[in-house]
Structure formats: structure tokens, C-alpha cells
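Architecture and fold: a report
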Amino acid sequence: MKAVQTYIDNNRERFLAELMDLLRIPSVSADPAFKADVQRTAEAVAAHLRKAGADHVELVTTAGHPIVYGEKFLAANLPTVMVYGHYDVQPADPIDLWESGPFEPVIKKTKTHPEGAIFARGACDDKGQMFMHIKAFEAMMATDSLPCNVKFMIEGEEEVGSSHLGTFLKENKDKLACDVILISDTSIIDNDTPSITTGLRGLSYVEVSVTGPNRDLHSGVYGGAVANPINVLCEMIAGMMDENKHIVIPGFYDDVDEVSKSEREEMNKAPFDLKTYREDLGIAAVRGEAGYTTLERTSIRPTLDVNGIWGGYTGEGAKTVLPSKAYAKISMRLVPHQSPDKITALFENYFKAVAPPNVKVEVHPHHGGEPVVTPTDTPEYQAAYKAMETAFGKAPIPKREGGSIPIVALFEQILGVKSVLMGFGLDSDAIHSPNEHYGLFNFYKGIETIPYYYQNYVALKK
Ligand code: BES
Ligand code: ZN
């Protein structure tokens, strides 16, 4: 292991420069305008894998963006780790709020990252974290210390719901056979408090439209007499939660796995400072479902949030108009054992049922994903626990998180393989927001931790 660490130490600057190059390619999967850039990013990732020593590296074409696959087979009697990550990123908007270009990475020091952080879209989610795995693999290959077989599956559609990866899994079960899937696409509590993610929320995502009159109207001539679809949409959304911030859609909580009192007590022992949380976000107070703490509200409880709402006139100045249409994009984060399809159907029925007769409403479901919880009493998890303990000098804390990685449930359903969520980001790294960044400490700590994972896993499987 000493040789691996020395190799990492001797190549720190190059690793960083390579990551910065990768961050310069705008691989925005949601926007067709970036299709060629997404492709170029996949090619760059494949080239890195090849150079690091992977065999059979290929770009698998799908109906969407390509999947990068590569592997290193050592021996049939050794376990196989499959690394999953994504090279696509969220759109950079609102661009005006970035202090430097989203695809022009720069290194700046911050309060949480005194040793510096790389600012760019995808720095943390997930190019920076995915790249740590390629560099750790390179270090193990270069020092002859890779202890087991490894497969890499790096996709380009995670941020748009991984819609084509499921088919790839179904059609390539043998090729993708492995003992564990290792993923770095989540967070740790802070740089002094390592943690391992033991759960992710699921997702149901819908777009709704409300149509009133057959054309935009003068808001003076018609206002007061005709239902304004924006007003109606706002009322409908506001009515979806009661004063306790409980979602009122009938049946919404029916399948929710109620976490036991002792488990809740345990999860609330995790370090969390409400004042720091508020100050970081610039809010005077938090708000959420009555009876639950902030840690619980963002992990074991489902949510309903508007992600975007539009209609009418939003340009410069004032235009007096009673619009014909209003739209919103709504996400519901789900917990075990809620089903995204069932929740989407419940939402649709409810939304249609509460619509007043003076408007027409439509509901279009988008991607969804199932929630997951991962076991902690397995060699797969224990290998991560020990690796983090060695690298950070501190035992990691298990922690369920609020984000979603829809493919994780499918890994279990289709491949029958459980995942280990060993991420290194911080919640304050502004993923999906302007000025996303990833700490240099986190980047290098990740590269250092991963080889320990491999070593521990092989030892525990013997
Ligand atoms: N890396 C995130 C998920 C995440 C973030 C998990 C923080 C835990 C902590 C992932 O790339 C992501 O953003 N996923 C999307 C999925 C969606 C587009 C289907 C999400 O959660 O919004
Ligand atoms: Zn993301």
C-alpha cells in the first residue's frame, strides 16, 4: 500500500490537471445542444481508462448518451468490484450567478475548503468523484497492487434518470456480473467526520399544466371574471400540504416505512448544527414536516417540492396579461417502501380531482426511481468502513441521504448485486447549484481511500 500512496503523492498535480480538463467539456445530458460534448466526454473517460490499464474499453451506444465500459480481469477466484459513476452533469443555469464560468474550472479557497476547491459544474457531482476511481485504479495498476478484478461502468444519463441503463443491465447480465458495486456520488458529513451513505430517497417527477381561457387575455378587461391558471396552479400546489407540512394526497404515506424510535435516536446522534446549517443557507429558520428533525426530514421522510413554475409574462417591465396557461415541475422524494409509479398515479388522480371546473389540467410523468437502504453487516460495507477509518483516522458514521441515484435499486433487481455508497462530497458543495465545487482534500482523500477498499474487501472475502 505504501507504493500506491507514493504513486498518488508523486502524481497529484497531474491528476488535478486531468480532472480540470474533463470539467472543461460541458457534458449536460438534459440539453440536446450539448450532445456532441457529452460524446466527447465519454471518449475522454474511455481514454483515461485505457491509459490507466483497463482492457476492453468501449463506448456502448444507447438510444441516449453512451455508457463507458472497461475492465481488468485478474483471476476467476478473485472477487470483482464494479465501479459505477456518471460523467454527465446538470445544466449550469442560472449562469449569471456563477462567479467564474461553469466550464472554466478554477481553484479557490473557501471556509469549508481551506486547502482549496475546484469550482466547475460536475466538480463534485460526479466527474470529480468518478475520476478518483480511475486515478486510484491507475495507481494500483502502476504499482502492481490491484488485488481483485474490476469493472467500470460510467454512464452519461444519471442526471436525466438513467433511462437507458436499465436495458443495458438486462441485456448484459453476464458481462456485468460482479460481487459489489462501488459508487462515489454522495456526501460525507464534513471533512473531519467521515460517513458512509446507507440509504437514498426515491423519486417521482411530474410536469403539470393548467389551461384556462383559449388565449392570453387583457387582465383588466377579463381579470376578476375568468379563472387565472397561474392563480389556480398556486392554490392547487399550496393545498397539497397541510399546516404541519404533511402531504394531503390520499394514500401518499400508506407504504412509508416508519423508522423505529431507537433508530431515529441513533440517526439524530450524527453531528449536525442547525445554526451552521441556517447560516450556510442564509435562512432565518428551517421548515418541514412537524414531528421530525432536519436530519430526518432530509432522509427518512418523503417530500413534495416545486422545482420550476412558469407562465404569463416574465420578461422586462410589466405586461398586463391574464395568461392562458401555467406550468410546474414537481418532484416527490420517496422513502422505503413507496413505489414511484404508485405515487405518480396518486398524484395524478389527486391533481385532477382538486382542479376547479373552470380550468383543464394535464399531468405528464417524467423519470422516477426507487428508494434504497443498504445493509451494514456485510463484508462489502465493512470494507468501506475500514477504508475510511484508515484514511481519515476516524470511524465513519452510517447516514441515510436525501438525494436519489435511481439505478442503484435496479442493480439489485436486475443484477442481484448490492451497492456501497462511499462518497466524498459535502452537502455544502453546491451540487446542481451555481458555483458547484469539490474540495482538493476530498478529491485526494478519495483517491487514497479507494485502494484501501479493494484491499479490505479481498481480505474480508477470503
Ligand atoms: N449525486 C446525486 C445524488 C445525491 C446527492 C445523493 C447528494 C446523495 C447526496 C445524483 O447525481 C443526483 O443528483 N441524482 C438526481 C437523480 C434524478 C435526476 C433522477 C437527484 O437526486 O436529483
Ligand atoms: Zn446530481
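These remarks concern the structure in this document. Keep in mind it's a predicted model, so treat the numbers as computed, not measured.

1. Looking at the sheet that holds strand S11 (residues 325-334)
Pairing is antiparallel in the open sheet, where four strands are placed in the order S10-S11-S9-S12. Both outer strands of the open sheet, strand S10 (305-311) and strand S12 (360-369), are each paired with one neighbouring strand and no more. Averaged over all neighbouring strand pairs, the angle between strand axes comes to 15°, with direction disregarded. Pairing of strand S9 (residues 202-211) with S12, which is carried by eight bridges, proceeds in the antiparallel orientation. When the sheet's bridge partners are listed, Thr211 is paired in S12 with Lys360. Packed on one face of the sheet, helix H10 (residues 340-354) meets S9, S11 and S12 and runs near 20° to S9.

2. Quick notes on the packing of helix H3 (residues 35-52) against helix H4 (residues 127-142)
A pair of packed helices can be characterised by two numbers: the angle between their axes and the separation between those axes. Remark: H3 packs on H4, axes separated minimally by 8 Å, with the N-to-C direction vectors making an angle of 20°. The orientation of H3 with respect to H4, classified from their angle, is roughly parallel. Where H3 approaches H4, its residues Thr41, Val45, His48, Leu49 and Ala52 are matched on the opposing element by Lys127, Met130, Phe131, Ile134, Lys135, Phe137, Glu138 and Met141.

3. Some remarks on the coordination of the zinc ion (ligand 2)
Note on the zinc ion (ligand 2): its protein donors are Asp125 (OD), Glu159 (OE), Glu159 (OE) and His432 (NE2). The metal-donor distances range over 2.0 to 2.7 Å. Taken together, the six donor atoms coordinating the zinc ion (ligand 2) span angles of 53 to 155° at the metal, a pattern that classifies the geometry as irregular. Along the chain, the residues that donate to the zinc ion (ligand 2) are spaced as D-x33-E-x272-H. Linking Asp125 in the loop between strand S5 (117-119) and H4 with His432 in the loop between strand S15 (419-421) and strand S16 (437-439), this pair joins segments that are 307 residues apart in sequence. For Asp125, a relative accessible area of 7% gives the class buried.

4. Section: the pattern of salt bridges
The final tally for this structure, using the stated rule, is 22 salt bridges. The closest approach of N and O atoms between Arg14 and Glu18, which form a salt bridge, is 2.9 Å. Linking Arg14 with Glu18, this pair stays in helix H2 (residues 12-23), spanning four residues, or about one helical turn. Judged by its relative accessible area of 11%, Glu18 is buried. Because the salt bridges share partners, they merge into one network encompassing Arg14, Glu18, Lys135 and Glu138.

5. Focus on the sheet that holds S16
Taking strand neighbours across the sheet as the criterion, the three strands line up as S4-S5-S16 in an open arrangement whose pairing is antiparallel. The open sheet is flanked by strand S4 (106-108) and S16, the only strands paired with a single partner. The mean inter-strand angle of the sheet, taken between neighbouring strand axes irrespective of direction, is 30°. Bridge analysis of S5 against S16 gives three bridges, and the strand direction is antiparallel. Bridging from a neighbouring strand, Ala117 pairs with Gly439 of S16. Packing against the sheet, helix H13 (residues 440-461) makes contact with S4, S5 and S16, and its axis sits at approximately 60° to S16.

6. Topic: the site of ligand 1
In the region of ligand 1, 17 residues are neighbours, and Asp125, Glu158, Asp185, Arg333 and His432 sit closest. In the model, an oxygen atom of ligand 1 is placed 3.1 Å from a nitrogen or oxygen of the Glu159 side chain. Taken by itself ligand 1 offers 520 Å² of open surface, and the protein chains cover 92% of this. Looking at the shell around ligand 1 residue by residue, the classes come out as four nonpolar, seven polar and six charged.

7. Focus: the nonpolar core
Ranked by size, the top nonpolar core spans 64 residues in total, and within it Met422, Phe443, Tyr453 and Tyr454 carry the most contacts. Ile237, Ile249, Ala355 and Val361 belong to the second-largest nonpolar core, a separate cluster that totals 30 residues.

8. Notes on helix H11 (residues 379-392)
Its 14 residues place the ends of H11 20 Å apart at the C-alpha level, agreeing with the 20 Å of an ideal helix rising 1.5 Å per residue. Every buried residue of H11 is listed here: Glu380, Tyr381, Ala383, Ala384, Ala387, Met388, Ala391 and Phe392. Seen from one end, H11 has its buried residues packed into an arc of 155°, which puts them on one side. The first or second residue beyond H11 is Gly393, which carries a positive phi of 70°.

How each quantity is defined
- Residues numbered from 1 in each chain as written.
- Chains lettered and ligands numbered in written order.
- Predicted model: local features only at pLDDT ≥ 70, side-chain atom pairs only at ≥ 80, totals over all residues.
- Heavy atoms only, no water.
- Pairing = 2+ DSSP bridges.
- Helix = DSSP H or I, 4+ residues; strand = E, 2+ residues; numbered from the N terminus.
- Axes fitted to C-alpha atoms, helices over the stretch in contact; angles between N-to-C directions.
- Contact = heavy atoms within 4.5 Å.
- Parallel < 35°, antiparallel > 145°, perpendicular 65-115°, else oblique.
- Donors = N, O, S within 2.8 Å, 3.2 Å for Na, K, Ca; no water.
- Tetrahedral: all angles 85-135°; square planar, octahedral: opposite > 155°, others 65-115°.
- Buried < 20%, exposed > 50% of the residue type's maximum accessible area, 1.4 Å probe, protein only.
- Salt bridge = Lys/Arg side-chain N within 4 Å of Asp/Glu carboxyl O.
- Near = heavy atom within 4 Å.
- Polar contact = N/O pair within 3.5 Å; in protein donor to acceptor, adjacent residues only side chain to side chain.
- Areas by Shrake-Rupley, 256 points an atom, 1.4 Å probe, with all protein chains shown as cover.
- Nonpolar A, V, L, I, M, F, W, Y, C, P; charged D, E, K, R; others polar.
- Core = buried A, V, L, I, M, F, W, Y, C linked by side-chain atoms within 4.5 Å.
- Expected span 1.5 Å × (residues − 1).
- Arc of directions from axis to C-beta.

Interpretation note: all reported values are geometric properties and have no functional meaning in isolation.
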